[in-house]
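# Chain and residue survey
For reference, the chains in residue letters:
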Amino acid sequence: ASDSQPPSQCLGPEYRDEAERPEATVSKPVPHDNVHILAQTPQLIALLTMIRDKNTGRADFIFYSNRIIRLLVEEGLNHLPVVSHEISTPVGRHYAGVKFEGKICGVSIMRAGESMEQGLRDCCRSVRIGKILIQRDEETSKPKLYYDKLPEDISDRWVLLLDPMLATGGSALMAIEVLKSRGVPEDHILFLNLIASPEGIKKFADEYPKVRVVTAFVDQGLDEKNYIVPGLGDFGDRFYTM
Ligand code: PRP
Ligand code: URA
């Protein structure tokens, strides 16, 4: 059932004694080939523990969220195609490497998705960033599209769609519709996300099996107000206002 407890796992390298490897709750696995969950390392779990804690203040929330966002962006970039690229080194030898060939852009789902823009800029200098303003109705949890501003040539780009929270999936699905209406092929979209619900992931994967999702954690489920549990509360409020 989607509301079952996520699994526990001993964290840390196997050469350490059991006593030195505490158990922690890790992400639920998911049966979808297009969904990639970050490795559940002690680092990542410690960062998530910080941002989930209701006693973590805004400055620390921003600092630790930014570290997870950086991990998501770095992993997300691994899912873009590369071509062979041989170079010469200063000592006169060749090195058979690779390079990314193609254009990318970021698209943030406002407001919370904007928190991920700097992490993308830190990895991809002068990257173009578009915006889609979608707000979830507080009562019904249904998304409403207010505004979008996207690069004109977005259909020729790989799109990194940014939103830290995937709850019912309504907002992310609506954002994909906007991107598709501008000619972006589904398999050129990569959705970067901090915490997802199993319900949101399933809806997303069923509807858009070609859109790749990179997430840090698939949580237990949703509560009666469609908040992710155990979750971290309202990401936008904690990052921008609290
Ligand atoms: C949050 C979050 C997602 C959405 C997730 O944004 O950032 O966009 O809710 O919920 P869903 O999967 O059920 O659609 P919200 O609309 O609260 O606005 P905010 O970014 O201004 O906080
Ligand atoms: N948006 C959030 O910020 N948190 C949730 O748990 C659900 C939607």
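Owing to the predicted nature of the structure, the values given are computational and were not obtained by experimental measurement. (Residues numbered from 1 in each chain as written. Chains lettered and ligands numbered in written order. Predicted model: local features only at pLDDT ≥ 70, side-chain atom pairs only at ≥ 80, totals over all residues. Heavy atoms only, no water.)

## Quick notes on helix 2 (residues 58-77)
Between the first and last C-alpha of helix 2 there are 28 Å, a value that for 20 residues agrees with the 28 Å anticipated at 1.5 Å per step. Those residues of helix 2 lying buried are Phe61, Tyr64, Ser65, Ile68, Ile69, Leu72, Val73, Glu75 and Gly76. Contact partners of the buried residues in helix 2: strand 3 (35-37), helix 1 (42-52), helix 3 (117-123), strand 11 (189-196), strand 12 (212-218) and helix 6 (235-240). (Helix = DSSP H or I, 4+ residues; strand = E, 2+ residues; numbered from the N terminus. Expected span 1.5 Å × (residues − 1). Buried < 20%, exposed > 50% of the residue type's maximum accessible area, 1.4 Å probe, protein only. Contact = heavy atoms within 4.5 Å.)

## A closer look at the nonpolar core
Within the largest apolar cluster, 40 residues are counted, with the highest numbers of intra-cluster contacts made by Ile51, Ile68, Leu72, Leu120, Leu192, Leu194 and Phe235. Secondary-structure elements contributing two or more residues to this core are helix 1, helix 2, strand 9 (157-162), strand 11, strand 12 and helix 6. Take this core: its biggest share by element is six residues, from helix 2. With residues near it in sequence (within four places) discarded, Ile68 still touches Leu44, Leu47, Leu48, Ile51, Leu194 and Ala216. Counting 28 residues, the second-largest nonpolar core is a separate cluster that includes Val35, Cys105, Leu150 and Ile176. (Core = buried A, V, L, I, M, F, W, Y, C linked by side-chain atoms within 4.5 Å.)

## Looking at the environment of Leu145
When you line up the elements, Leu145 lands in strand 8 (residues 143-149). Residue class for Leu145 comes out partly exposed when judged on its relative accessible area of 37%. Between the C-alpha atom of Leu145 and that of Ile51, which follows or precedes it by 94 residues, the distance is 28 Å. Residues within four places of Leu145 in sequence aside, it is in contact with Ile132, Leu133, Ile134, Met174 and Val178.

## Description of the site of ligand 1
Near ligand 1 lie 16 residues; those nearest to it are Ala112, Arg136, Asp163, Thr168 and Ser171. Between ligand 1 and Gly169 there is a distance of 2.8 Å, counted from an oxygen atom to a backbone nitrogen or oxygen. Within the side chain of Ser171, an N or O atom sits 2.6 Å from an oxygen atom of ligand 1. Isolated, ligand 1 exposes 490 Å² of accessible area, and the fraction of that covered by the protein chains is 92%. Contributing elements (two or more residues each) for the shell around ligand 1: strand 7 (128-136), strand 10 (165-166) and helix 4 (170-181). When residues of the shell around ligand 1 are assigned to their parent elements, the largest contribution, three residues, is made by strand 7. When its residues are assigned to classes, the shell around ligand 1 shows six nonpolar, six polar and four charged. (Near = heavy atom within 4 Å. Polar contact = N/O pair within 3.5 Å; in protein donor to acceptor, adjacent residues only side chain to side chain. Areas by Shrake-Rupley, 256 points an atom, 1.4 Å probe, with all protein chains shown as cover. Nonpolar A, V, L, I, M, F, W, Y, C, P; charged D, E, K, R; others polar.)

## A few points about unusual backbone geometry
Geometrically, the link from Met110 to Arg111 is a cis peptide bond, its omega value of 5° lying close to zero. Within the secondary structure, Arg111 is located in the loop between strand 6 (103-110) and helix 3. Val229 connects to Pro230 through a cis peptide bond whose omega is -5°. With respect to the helices and strands, the residue Pro230 is situated in the loop between strand 14 (228-229) and helix 6. Positive phi, normally seen in glycine, also occurs at Ser141, with a value near 65°. Note that Ser141 resides in the loop between strand 7 and strand 8.

## Some words on the UniProt feature "domain: Phosphoribosyltransferase" (unreviewed entry) in the protein chain
On the UniProt side, "domain: Phosphoribosyltransferase" (unreviewed entry) is annotated at positions that read residues 40-240 here. As annotated, residues 40-240 has a helix share of 33% and a strand share of 32%, and its two end C-alpha atoms lie 27 Å apart. (UniProt positions renumbered as here; feature names shortened; annotations may be inferred.)

## Observations regarding the environment of Val83
Tracing the backbone shows Val83 in strand 4 (residues 82-88). On the basis of relative accessibility, which here comes to 32%, the residue Val83 falls in the partly exposed class. Sequence separation of Val83 and Tyr208 is 125 residues, and the distance between their C-alpha atoms is 26 Å. The contact partners of Val83, leaving out residues within four places of it in the chain, are Gly97, Val98, Lys99 and Glu101.

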